[in-house]
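Topology and contacts: notes
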Amino acid sequence: MTLEHVETLLSPASIAVFGATERAGSLGGAVMAQLKETGFEGPLWAVNPKHERVLGLPCFPDAEALPG
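The text that follows walks through the structure, step by step, so that each part is easy to find. (Residues numbered from 1 in each chain as written. Predicted model: local features only at pLDDT ≥ 70, side-chain atom pairs only at ≥ 80, totals over all residues. Heavy atoms only, no water.)

Quick look at the environment of Thr-21
- Among the secondary structure elements, Thr-21 is positioned in the loop between strand E1 (15-18) and helix H2 (27-37).
- By relative accessible area, Thr-21 is classed as buried at 9%.
- Expressed as a C-alpha distance, the spacing of Thr-21 and Leu-44, which sit 23 residues apart in the sequence, is 13 Å.
- Apart from the residues within four sequence positions on either side, Thr-21 is in contact with Ser-26, Gly-28, Gly-29, Asn-48, His-51 and Val-54.
- At a separation of 3.4 Å, a polar atom in the side chain of Thr-21 contacts the side chain of His-51. (Helix = DSSP H or I, 4+ residues; strand = E, 2+ residues; numbered from the N terminus. Buried < 20%, exposed > 50% of the residue type's maximum accessible area, 1.4 Å probe, protein only. Contact = heavy atoms within 4.5 Å. Polar contact = N/O pair within 3.5 Å; in protein donor to acceptor, adjacent residues only side chain to side chain.)

Following this line, the structure appears as structure tokens:
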């Protein structure tokens, strides 16, 4: 793996969090909260068929429903 590949992996243009939720103690909730709190600048997409919104962001039912 080249340095360019590592930089791309560590600096994504967008992130989709599968299993996103606001439920305390959940991995999906912790990941979403951290990404929002640290100011990730790209599109951040929540994916979970059980929710319409997560932490104020629209939530998509599956990968096929994502806008990008």
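Once you've had a look at it, read on.
So, the pairing of strand E4 (residues 57-60)
- Across 2 bridges, strand E2 (residues 44-47) lies against E4 in parallel orientation. Within the sheet, the bridge partner assigned to Val-47 lies in E4 and is Phe-60.
- If you look at the hairpin formed by strand E3 (residues 53-54) and E4, you'll find 2 residues sitting between the two strands, and Leu-55 has a positive phi there, around 50°. (Pairing = 2+ DSSP bridges.)

Considering H2
- All of the buried residues in H2 are Gly-28, Gly-29, Met-32 and Leu-35. Buried residues in H2, looked at end-on, bunch into an arc of 135°, giving them a common side. Facing away from the buried side of H2 by more than 90 degrees, the exposed set consists of Leu-27 and Glu-37.
- Packing partners of the buried residues in H2 comprise E1, E2, E3 and E4.
- You can read the cap of H2 off the contacts: a side-chain oxygen lies 3.0 Å from the backbone nitrogen of Gly-29, and it is on Ser-26. (Arc of directions from axis to C-beta.)

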